[in-house]
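Residues per chain are reported as follows:
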Amino acid sequence: MQIPIYIARYLQAKPNIEEAGLAYQQAVVYYQKKAKETPESYKGYMALTLIATSYIDRQMWPEAVDALVMLLEQYPQSEDSLRFFQMIHLICLGQLKNPQKAIDIYQDFITKHPKHPLVKNLETQIENLKKGEVKK
């Protein structure tokens, strides 16, 4: 399952950036297909995770956030949910310079999953972001 991203990372380490970009695009297409074929399985979960990883590797920040949000929407009870929220937080604040995007994502998640164990944490993050108490 990780071979397409392995190839892309290998090519990225080489001086040919064009080949690496194409390999990442092909990896994302492959993982999107796998995620659609097996949406309720671990394979689908891993495919979405590898899509997010591909975008992060390429520093495609808006796409990375979208992929992480998709992961949270399809697998809200994942053990990695906290890590996904942390990544969204770091990307929205550090790379996109858009704390409102993080707030919107957190609020949407809370609306859809009001009994999720991370709700209190997300509410605290929203309050801190609104006050300007931003931790990058």
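Scope of this entry: the structure provided in the associated data block. This is a predicted model, so every value here is computed, not measured.

With that out of the way, let us pick up the environment of L68. Mapping L68 onto the fold places it in helix α4 (residues 61–74). L68 gets classed as buried once you look at its relative accessible area, which sits at 1%. Taking the C-alpha atoms as reference points, L68 and F85, 17 residues apart in sequence, are found 8.0 Å from one another. Ignoring any residue separated from it by four or fewer positions in sequence, one finds L68 in contact with A52, F84, M87, I88 and I91.

This brings us to the pattern of salt bridges. Taken as a whole, this structure holds five salt bridges when the rule is applied. In this structure, K112 and D108 form a salt bridge, with 3.2 Å as the shortest nitrogen-oxygen distance. Of this pair, K112 and D108 both sit in helix α6 (residues 99–112), four residues apart, which is roughly one turn of that helix. Overall, the relative accessible area of 47% leaves K112 in the partly exposed class. Residue class for D108 comes out partly exposed when judged on its relative accessible area of 34%. Among the charged side chains, a network of salt bridges with common partners joins E73, D108 and K112.

This next bit is on helix α7 (residues 119–131). A rise of 1.5 Å per residue sets the reference length of α7, with its 13 residues, at 18 Å; its end C-alpha atoms lie 18 Å apart and thus fit the reference within 8%. Within the sequence span of α7, burial applies to V119, L122, I126, N128 and L129. As for α7, its buried residues are in contact with α5 (81–95) and α6. Just past α7, the residue G132 takes up positive phi, approximately 90 degrees.

Before going further, it helps to spend a moment on a nonpolar patch on the surface. On the surface, I3, Y6, I7 and Y10 cluster together into a nonpolar patch covering about 470 Å² of accessible area. Topologically, I3 is positioned in helix α1 (residues 3–13). With a relative accessible area of 57%, I3 lands in the exposed category.

Rules and cut-offs
Residues numbered from 1 in each chain as written. Predicted model: local features only at pLDDT ≥ 70, side-chain atom pairs only at ≥ 80, totals over all residues. Heavy atoms only, no water. Helix = DSSP H or I, 4+ residues; strand = E, 2+ residues; numbered from the N terminus. Buried < 20%, exposed > 50% of the residue type's maximum accessible area, 1.4 Å probe, protein only. Contact = heavy atoms within 4.5 Å. Salt bridge = Lys/Arg side-chain N within 4 Å of Asp/Glu carboxyl O. Expected span 1.5 Å × (residues − 1). Patch = residues over 30% accessible without salt bridge, like charges linked within 9 Å, V, L, I, M, F, W, Y side chains within 5 Å. Areas by Shrake-Rupley, 256 points an atom, 1.4 Å probe, with all protein chains shown as cover.

Geometric values such as these leave the question of function open.
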